[in-house]
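Fold and geometry: a report
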Amino acid sequence: MAYKINADACISCGSCADVCPAGAISQGDTAYVIDAGACLDCGTCSDTCPNGAISAD
């Protein structure tokens, strides 16, 4: 189960991308996005997000 970023809540701060051990998070058109195939399901990004925009999908 990969994590997913709610684009409406994402403020594009980059905190999640900075802590992702798999490098699965990148800047999208309007918000950051997670590559589900590369996601390790560790939850580090979710714990780091200041807006609570990341959750298990």
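Throughout what follows, the structure given in this document is the object of discussion. Here the structure is a predicted model, which means the values were calculated and not measured.

Some points on the overall build of the chain
A tally of helices and strands in the chain yields two helices and four strands. Listing each helix as α and each strand as β along the chain from the N terminus yields β-α-β-β-α-β. Computed over its C-alpha atoms, the radius of gyration of the chain comes to 10 Å, within 12% of the 10 Å expected for a compact globule of 57 residues. The C-alpha extent of the chain, read off along each of the three principal axes, is 25 × 20 × 20 Å. The proportion of buried residues among the 57 residues of the chain is 32%. At a minimum sequence separation of 6, the contacts of the chain that also span at least 24 residues come to 57%. With an accessible surface of roughly 3400 Å², the chain has 44% of that area assigned to carbon and sulfur atoms.

Things to note about the nonpolar core
A general tendency of soluble globular proteins is for nonpolar side chains to be buried together. Ranked by size, the top nonpolar core spans 16 residues in total, and within it I5, C16, I25, I34, C45 and I54 carry the most contacts. Dropping the residues within four chain positions of it, I25 is found in contact with I5, C16, A17, C20, Y32, V33, I34 and C45.

A closer look at the environment of V33
Relative to the helices and strands, V33 resides in strand β3 (residues 32–34). Each C-alpha atom, one on V33 and one on I54, is 9.8 Å from the other, the two residues being 21 residues apart in sequence. Once you skip the residues sitting within four places of it in the chain, V33 turns out to touch I5, A24, I25, S26 and G28.

Focus on the environment of I25
Counting through the fold element by element, I25 comes out in strand β2 (residues 25–27). A C-alpha to C-alpha distance of 11 Å links I25 and I54, two positions 29 residues apart in sequence.

Here's the deal with unusual backbone geometry
Notably, S12 is not glycine yet its phi reads approximately 55 degrees, a positive angle. By the element assignment, S12 lies in the loop between β1 (3–5) and α1 (15–19). Overall, the relative accessible area of 29% leaves S12 in the partly exposed class. Although it is not a glycine, D41 sits at a positive phi angle of roughly 60 degrees. Inspection of the secondary structure assignment puts D41 in the loop between β3 and α2 (44–48).

About the thresholds
Within each chain, residues carry numbers counting from 1 in the order of the written sequence. Residue-level local features of this predicted model are given only where pLDDT is at least 70; pairs of side-chain atoms are given and counted only at 80 or more, and the full residue set underlies all totals for whole chains, interfaces and linings. For side-chain calculations, the full set of non-hydrogen atoms in the structure is used, while hydrogens and water are omitted. Numbering of helices and strands runs from the N terminus, with a helix taken as a DSSP run of H or I at least four residues long and a strand as a DSSP run of E at least two residues long. C-alpha atoms define the radius of gyration in this analysis, and the globule rule sets the expected value at 2.2 Å times the number of residues to the power 0.38. Note on exposure labels: buried denotes an accessible area under 20% of the residue type's maximum, exposed denotes more than 50%, and partly exposed covers the range between, all computed with a 1.4 Å probe on protein chains only. Residues count as neighbours in contact if any of their non-hydrogen atoms are within 4.5 Å of one another. Throughout, the Shrake-Rupley method with a 1.4 Å probe supplies accessible areas, and for residues the shown protein chains are the sole cover considered. Remark: nonpolar core denotes a set of buried residues (Ala, Val, Leu, Ile, Met, Phe, Trp, Tyr, Cys) joined through side-chain atoms within 4.5 Å.

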